Amino acid sequence: MHAGKLIAFEGIDGSGKSTQARLFADWLEARGREVVRTREPTNGPWGRKIREARFTARLSPEDELHAFIEDRRQHVAELINPSLSRGAVVVIDRYYYSTVAYQGARGLDPAELFARNRAFAPKPDLVVLVDVEPKHSLERINARGEGQDLFETIGELTAVRQRFLAMASEAHVTVLSGMGTPEVVFGRVLLK
């Protein structure tokens, strides 16, 4: 048991989850809560390895999973658990639900992925799944001008989105539309 709260923002690339995580953290801080903002992959050695592979040569599904788990294991031990223990609200942009969705889309078993992560990573109090159609997410990604990851295709993002939506049956996962301005979408976040 922990005294703090863990809120994860999830969704396919270009869904607006990072913006919503930032707006929610700002909202909580304005109300006097201690907020720890974080994201995965982290800037640690495993997270950097994952990021470097985004535009060059994607790791094999097993190597990618290993890197995500090691990055998360360090993240949980060094930041997430200590923050929760002192009563902070941890707002995380991507968590193990992304691992289940993205690696599940690459053929790995979602139940096994959940089990491996939940063996050491705390379950969030709330998962906000910001949902958009892949065609809209790709439009947003291209508008950012940062270039697409190797896996940012309609087919890949559709498979990942389906895996995310399959998680909506869990009571602590809420799905909301990511369409509209950031402020409109944030209004939906506050209603959850």
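Structure shown above.
An account of the accompanying structure is given in this report. None of the values given here were measured: they were computed from a predicted structure.

### Description of helix H4 (residues 96-105)
The buried fraction of H4 is high, at 9 of 10 residues. For H4, the elements touching its buried residues are strand S1 (5-10), helix H3 (61-85), helix H5 (110-118), strand S4 (126-131), helix H7 (154-166) and strand S5 (173-177). Two residues or fewer after H4 comes glycine 107, characterised by a positive phi angle close to 105°.

### With respect to the packing of helix H1 (residues 17-30) against helix H8 (residues 182-191)
Where H1 contacts H8, the two axes come as close as 10 Å, and the packing angle between them is 60°. When you trace H1 past H8, the crossing you get is right-handed. Of H8, the residues touching H1 (which contributes Thr19, Gln20, Leu23, Phe24 and Trp27) are Pro182, Val185, Phe186, Val189 and Leu190. Class assignment of the residues belonging to the contact of H1 with H8 gives a composition of 8 nonpolar, 2 polar and no charged.

### So, unusual backbone geometry
Cis geometry marks the peptide bond from glutamate 40 to proline 41, where omega comes out at -5°. Looking at the secondary structure, you find proline 41 in the loop between strand S2 (35-39) and helix H2 (45-52). Phi at arginine 94 takes a positive value of approximately 80°, unusual for a residue other than glycine. Assignment of secondary structure puts arginine 94 in the loop between strand S3 (89-93) and H4.

The rules behind the values
Counting starts from 1 at the beginning of each chain's written sequence and moves along it residue by residue. Where totals are concerned, whole chains, interfaces and linings use all residues; where local detail is concerned, this predicted model gives features only for residues with pLDDT of at least 70, and gives and counts side-chain atom pairs only at 80 or more. To obtain the side-chain values, all non-hydrogen atoms of the structure were used and water was disregarded. To sort residues, take the accessible area from a 1.4 Å probe on protein chains only and compare it with the maximum for the residue type: under 20% means buried, over 50% means exposed, and anything in between is partly exposed. For the purposes of this entry, the term helix denotes a DSSP run of H or I that reaches at least four residues, the term strand denotes a run of E that reaches at least two, and both are numbered from the N terminus. Any two residues having at least one pair of non-hydrogen atoms within 4.5 Å are treated as being in contact. Convention adopted: a line fitted to C-alpha atoms gives each axis, helices being fitted over their contacting stretch, and angles between N-to-C directions are expressed from 0 to 180 degrees. The crossing is said to be left-handed when, going from far helix to near helix, the turn is anticlockwise and less than a right angle, and right-handed when the turn is clockwise. Gly falls in the polar group here, along with every residue not listed as nonpolar (Ala, Val, Leu, Ile, Met, Phe, Trp, Tyr, Cys, Pro) or charged (Asp, Glu, Lys, Arg).

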